[in-house]
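# Coordinates in review
Each chain, written out:
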Amino acid sequence: MQTQINKTTALYCRLSRDDEFQGDSSSITTQKSMLSQYAFDNGFSNIAYYVDDGYSGTNFERPDFQRMISDIEKGKIGAVITKDLSRLGRDYLKTGYYIECYFPENRVRYIAVNDNVDSFKENNEFTPFKNIINEWYAKDISKKIKSAYRTKALKGEFTGPYAPYGYQKDPNNKHHLVIDEETAPVVKQIFELATQGVTPYQIAMRLKKEGILKPRAKMVRDLGKYVSESYLKYPYDWCPRTVLCILRNREYLGHIVCNKNTSRSFKDKRLIKNDESEWIEVKNRHEPIVDEDTFELAQKVTTVKKMPIKSTGVHQLFVGLLRCPTCGKTLTYGRSKGRTSIGCYACSTFRRYGKSYCSMHYISYENIYKVVLEDIKKHIKISNIYQDKLLEELMMSSELKNKKEYSQYEKEIIKSQKRINEIDVIIQNLYEDKVLGKITEERFISMSRNFELEQQTLNSNINALNHRLEEFKDMKNNVVKFTEVIKKFKDIKELSFALVNELIEKIVVHECIYEDNVRKQQIDIYYKFIGIA
């Protein structure tokens, strides 16, 4: 009898592979067939299979391997048989520990069929060297896999094991993402709520109330992955961190973003975050779920630190927008007891360190609210009447206002190009005069050099003028974008968080001055796309 009576013979099979959804692979099937035949031929009875399909040999936390170890400690197993040493593991220290220490201490016989290793025999001198070679192989494969993934990432191919929430892998190409009609509207809803000033926590509570499956619970339902009591028992319990991860994910813009994380080593698979400069981003690889403006607005409103809402929370309209022109810091909100004002804003540097570091730049909530509301209503009114009029007014308020030469750019380019052509003719005539002996060689070189220098100057001027014209076109495009955005708002009676943050980049609040006992204060409103208007 090859094993102790009534003890199980464990036939252990393992395979590393990328795709974990196909069930047992052909290689696992081959291992099972081979090991069962070996057990039958050599008199091993009471066999049991332990299978880890899709697990690295450097990882000894494999489910069935740990189940086998548990059965060994319970005294159920008398022998362990694998196809070869690498099936047991590819970490030579841990593999050696199990073969030379753990199995003998638990009176378990170990056999690696193809490597001719049998712990009951004396011909195992080369086993440690074979384990080292297996580890080298694992290290080399790890390098090749990382290189292959990097190549795919640079080509804009999706390389993740699962598609981001809102997408699914293309059935015809697993490296391409397509819209998931079930979850993409949820992603849009999350971004829309965020741009309205709803916090990740509030969004999570709303999704829970609506009975929307959280991402991991959806994977349990669709793929049978991450099956645990928490996901089965609480499938709708969204957490704020999950919402925030969705809001931060640039793949919803249609981009592929890879290399965010890396493993510590080929043995230690725990992930560490890479610096953002090391990320690989390839744009426009699949259909976007949100547009660039919505995404950027969501980033802005979720990064500013919001104050607790004690009553109406109206002060949060301007969170992160108000700036001090002296130190560049934000103006923070405060309210004093006994005052009728809703509250006021003052420079955060002044509040913290005092007047020796910066001045107050004080403004009440009511005043800043009134200034912003009136300015936005003015632009909306002009836009609704006639977009071109607003376009003209915004253009005139830009730096073009004091630089009339901008309108002459195209004329100057045409004039310069005409002069360049004239110089070409002059140089050609000078050359003919030199050939005919009308002027000397030295005279020709001197004169032609001067004309060539003039041509170089003209070409430089043309390039500069073209660059300024491009800037002008970009500015005009930005103004058009602004008018398109502002046209979405009509007949507004009050400000909202979404309105303020969608239109305004920042608001610079200058210090108050008094002229003839009249209080004056300059407020610079920087609108998105156009700056101060």
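Everything here concerns the structure above.
Position of Thr332 relative to the elements: it lies in strand β13 (residues 331–334). Under the relative-accessibility criterion, Thr332 is labelled partly exposed at 28%. Apart from residues no more than four positions distant in its own chain, Thr332 is found in contact with Cys344, Tyr345, Ala346, Ser348 and Arg351. Within polar-contact distance, the side chain of Thr332 engages the side chain of Arg351 at 2.9 Å.

Before going further, it helps to spend a moment on the nonpolar core. In this structure, Phe318, Leu495, Leu503 and Ile507 are the most contacted members of the largest nonpolar core, which totals 37 residues. Of all elements in the fold, only α11 (292–303), β13, β14 (344–347), α13 (365–385), α16 (441–486), α17 (497–503), β16 (504–509) and β19 (523–527) reach the threshold of two or more residues within this core. It is α13 that contributes the most residues to this core, 7 residues altogether. Aside from chain neighbours lying at most four places away, what touches Leu503 is Ile376, Phe482, Val485, Ile486, Phe489, Tyr527 and Lys528. Ranked by size, the runner-up nonpolar core spans 31 residues in total, among them Ile179, Val187, Trp238 and Tyr252.

Turning next to the pattern of salt bridges. This model, assessed by the stated rule, comprises 16 salt bridges. For the salt bridge of Glu296 with Arg250, the shortest nitrogen-to-oxygen distance reads 4.0 Å. You can see Glu296 sitting in helix α11 and its partner Arg250 sitting in the loop between α10 (240–248) and β8 (256–258), a full 46 residues away along the chain. Looking at Arg250, the relative accessible area reads 19%, which means it is buried. The network of salt bridges with common partners includes Asp180, Glu182, Lys218, Arg221 and Asp222.

Here we take up helix α7 (residues 200–209). The set of residues buried in α7 consists of Pro200, Ile203, Ala204 and Leu207. The arc that holds every buried residue of α7, seen down its axis, measures 100 degrees, which confines them to one face. Turned more than 90 degrees away from the buried face of α7, the exposed residues are Tyr201 and Lys209. Contacts made by the buried residues of α7 are with α6 (184–195) and α10. After α7 finishes, the residue Gly211 shows a positive phi value of roughly 70 degrees.

On to the layout of surface pockets. By rolling a water-sized probe across the atoms, one finds the places where empty space is left. Put simply, the second largest pocket is a space of about 420 Å³. In terms of lining residues, the second largest pocket is bounded by 17 residues, among which Asp293, Thr294, Leu297, Glu502 and Lys528 are the most central. Residue assignment for the lining of the second largest pocket shows that the elements contributing at least two residues are α6, α11 and α17. Among the elements that make up the lining of the second largest pocket, the one with the highest residue count is α11 (5 residues). Within the lining of the second largest pocket, the residues separate by chemical class into 5 nonpolar, 3 polar and 9 charged.

The strand order across the open sheet formed by 5 strands is β2-β1-β3-β4-β5, and the pairing between neighbours is mixed. The open sheet has two edge strands, β2 (47–53) and β5 (117–118), and neither has a second partner. Sheet analysis places strand β3 (residues 77–82) next to strand β4 (residues 109–112), joined by 4 bridges and oriented parallel. Each bridged residue has a counterpart across the sheet, and for Val80 the counterpart in β4 is Tyr110. Packed on one face of the sheet, helix α2 (residues 63–73) meets β1 (8–15), β2 and β3 and runs near 145 degrees to β2.

Below, the discussion takes up the environment of Gly78. Looking at the secondary structure, you find Gly78 in strand β3. Along the sequence, Gly78 and Thr9 sit 69 residues apart, while their C-alpha atoms lie 6.0 Å from each other.

Before going further, it helps to spend a moment on the sheet that holds strand β12 (residues 322–323). Reading across the sheet, the 4 strands line up as β12-β16-β19-β20 and stay open at both edges, with mixed pairing between neighbours. Of all strands in the sheet, those bounded by a partner on one side alone are β12 and β20 (531–532). Note that β12 and β16 share 2 bridges and pair parallel. From the neighbouring strand, Leu322 faces β16, where its bridge partner is Ile507.

A few words now on the packing of α6 against α10. Packing of α6 against α10 leaves a shortest axis separation of 10 Å and a crossing angle of 90 degrees. Looking at the two axes, α6 sits roughly perpendicular to α10. Between α6, through Val187, Ile190, Phe191 and Ala194, and α10, the contact on the second element is made entirely by Val243, Ile246 and Leu247. Taken together, the residues that form the contact of α6 with α10 break down as 7 nonpolar, no polar and no charged.

Definitions and limits used
- Residues numbered from 1 in each chain as written.
- Predicted model: local features only at pLDDT ≥ 70, side-chain atom pairs only at ≥ 80, totals over all residues.
- Heavy atoms only, no water.
- Helix = DSSP H or I, 4+ residues; strand = E, 2+ residues; numbered from the N terminus.
- Buried < 20%, exposed > 50% of the residue type's maximum accessible area, 1.4 Å probe, protein only.
- Contact = heavy atoms within 4.5 Å.
- Polar contact = N/O pair within 3.5 Å; in protein donor to acceptor, adjacent residues only side chain to side chain.
- Core = buried A, V, L, I, M, F, W, Y, C linked by side-chain atoms within 4.5 Å.
- Salt bridge = Lys/Arg side-chain N within 4 Å of Asp/Glu carboxyl O.
- Arc of directions from axis to C-beta.
- 1 Å grid on protein atoms, 1.4 Å probe; cavity = no way out; pocket = protein on both sides within 12 Å on 5 of 7 lines; lining within 4 Å.
- Points joined across faces, edges and corners; volume = space filled by probe spheres on them.
- Nonpolar A, V, L, I, M, F, W, Y, C, P; charged D, E, K, R; others polar.
- Pairing = 2+ DSSP bridges.
- Axes fitted to C-alpha atoms, helices over the stretch in contact; angles between N-to-C directions.
- Parallel < 35°, antiparallel > 145°, perpendicular 65-115°, else oblique.

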